[in-house]
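Structural characterization, general
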Amino acid sequence: MRVKQDWAEVVAKATEQTQKSIVEATQSSFAKILEEMSGDALSIDEIVSSSEFKDAVRSIASVQRTVHVVRPSGVKHTEDVVHENFEHLLKMVGAGINVALVGEAGSGKSTAAEQCARALGLDFYPVSFHAKMTSTDLRGYMDAKGDYNESAMYRAFKLGGLLCLDEFDRSNTEVVVSLNNLLAGASYLFPNNELVKKHEDFRVVACQNTTGSGGSKQYAAAQRQDASTLNRFVTIPWDIDNAMERKIAGDTPITTIVQMIRSKAKELGMDIVISPRQSIHANTLVDMGYSTTQAIDYAITGMMADDVRKRLIDDIAEISNKKFAKK
């Protein structure tokens, strides 16, 4: 039976607790500054430029970056959750290297790119690729009035920031090749005839499901990419991190079951995607009062053919002592 949840109350509670945490961190940090500097006659400018002040600001920022996972059963506060390979991403992007994150759907690639931008203090510019995209979508265009309509790529390249090329392997080769000079050059000519010098803080992260070799069973829409473009990136594998999934979805029996089903699907070579999104959905359904059977059915197996469903979950049902047969 569905449990009625007052979402307005949940959100209000989360907001109140977040603001309280920030206020407490602010008071604590600045109280420490005043205590340490009480014997010094310092101006406001000297205080602001001090290392103590900067440490205090970083402390407050860390509270603001806290991730709030809201579930119907209550409000759960966790520290910012990152992928097991996040440290490599941060180091490489910080060094100015173009990085391609290659992994399954739902493994947190675009989220990691945004977390990386935040950690480096960069503006975040996401661009979602698709088969009908043109180079105009990337480079901007001149309209009928002769005005240049800027693109996210233009702003990131000129002003600095992290350009996230999401679903990068979905675009056609011609569009992707048009990026080659931008990815490796020191300047780029935009449609307004402005030769822009690359900003020192310009960074690029591409997110894709395939290595650029073309479509697969699971990712049929992926396009084969030109080697000259792929050569401009280093690649970091970004498959689903089970430990991260548990932190995000909850370290619960239902998360374990979803991970077991995913493992079984891979073992059987099944053409299906079971991402952490399914763990989040299944946990939320259980929290709302649905049974494990119902949660798994709604989140994963409901649309599967009976024979596929049976092959996928019979062994898992026996191992986990849970019955997943349809009711």
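Our structure's up above, just so we're on the same page.
In this report, we go over the structure that sits alongside the text. Note that the structure is predicted; figures quoted are calculated from it, not measured.

Right, let's talk about the packing of helix α12 (residues 253-267) against helix α13 (residues 276-287) for a bit. With their axes 9 Å apart at the nearest point, α12 and α13 run at an angle of 145° to one another. The handedness of the crossing between α12 and α13 comes out as right-handed. Judged by residue contacts, Ile 254, Thr 255, Val 258 and Arg 262 of α12 engage Pro 276, Gln 278, Ser 279, Ala 282, Asn 283 and Val 286 from α13. For the contact of α12 with α13, a count of residues per class yields 5 nonpolar, 4 polar and 1 charged.

Right, let's get into the packing of aromatic side chains. One pass over the structure, following the stated rule, counts 9 aromatic pairs. Between Phe 129 and Phe 168, the ring centres sit 5.2 Å apart and the planes meet at 80°, which makes this aromatic pair edge-to-face. Here the residue Phe 129 occupies a position in the loop between β4 (124-128) and α6 (135-139), and Phe 168 occupies one in the loop between β7 (161-166) and α8 (173-177), the gap between them amounting to 39 residues. Judged by relative accessible area, which is 3%, Phe 129 ranks as buried. The structure contains a cluster of three or more aromatic residues connected by ring pairs, namely Tyr 148, Tyr 154, Phe 157, Tyr 188, Phe 190 and Phe 202.

Moving on to the pattern of salt bridges. Within the structure shown, the criterion is met by 10 salt bridges. Put simply, Arg 155 and Glu 150 hold a salt bridge, and the shortest N to O gap is 3.9 Å. A salt bridge links Lys 158 to Glu 194; the shortest N-O distance between them is 2.9 Å. With Lys 158 in helix α7 (residues 152-159) and Glu 194 in the loop between β8 (187-189) and β9 (195-197), this pair connects stretches of sequence that are 36 residues apart. Residue class for Lys 158 comes out partly exposed when judged on its relative accessible area of 33%. On the basis of relative accessible area, Glu 194 is assigned to the partly exposed category, the value being 22%. Connected via shared salt-bridge partners are Glu 167, Asp 169 and Arg 170.

The subject of this paragraph is the nonpolar core. Soluble, globular proteins show a tendency: their nonpolar side chains are buried together. Residues Leu 165, Leu 179, Leu 182 and Phe 190 are the most contacted members of the largest nonpolar core, which totals 27 residues. Secondary structure elements with two or more residues in this core: β4, α7, β7, α8, α9 (180-184) and β10 (202-208). Considering each element in turn, this core owes the most residues, 5 residues, to α7. Among residues more than four places away in sequence, those in contact with Leu 179 are Phe 129, Leu 138, Met 153, Leu 165 and Phe 168. Listed in part, the 18 residues of the second largest apolar core include Ile 254, Met 288, Leu 312 and Ile 313.

Let's shift gears to the sheet that holds strand β11 (residues 234-237). Read across the sheet, 5 strands follow the order β4-β7-β10-β3-β11 without closing on themselves; strand pairing throughout is parallel. Where the open sheet ends on each side, the last strands, each with one partner, are β4 and β11. The mean angle between the axes of side-by-side strands here comes to 20°, regardless of whether they run parallel or antiparallel. Sheet analysis places β7 next to β10, joined by 6 bridges and oriented parallel. Among the inter-strand pairings, Leu 162 is bridged to a residue of β10, identified as Arg 203. Along the sheet, helix α5 (residues 109-120) makes contact with β3 (99-102), β4, β7 and β10, crossing β7 at roughly 175°.

Reading the values: the criteria
Residues numbered from 1 in each chain as written. Predicted model: local features only at pLDDT ≥ 70, side-chain atom pairs only at ≥ 80, totals over all residues. Heavy atoms only, no water. Axes fitted to C-alpha atoms, helices over the stretch in contact; angles between N-to-C directions. Helix = DSSP H or I, 4+ residues; strand = E, 2+ residues; numbered from the N terminus. Left-handed = near helix turned anticlockwise from the far one by under 90°. Contact = heavy atoms within 4.5 Å. Nonpolar A, V, L, I, M, F, W, Y, C, P; charged D, E, K, R; others polar. Phe/Tyr/Trp six-rings, centres within 6.5 Å; stacked < 30°, edge-to-face > 60°. Buried < 20%, exposed > 50% of the residue type's maximum accessible area, 1.4 Å probe, protein only. Salt bridge = Lys/Arg side-chain N within 4 Å of Asp/Glu carboxyl O. Core = buried A, V, L, I, M, F, W, Y, C linked by side-chain atoms within 4.5 Å. Pairing = 2+ DSSP bridges.

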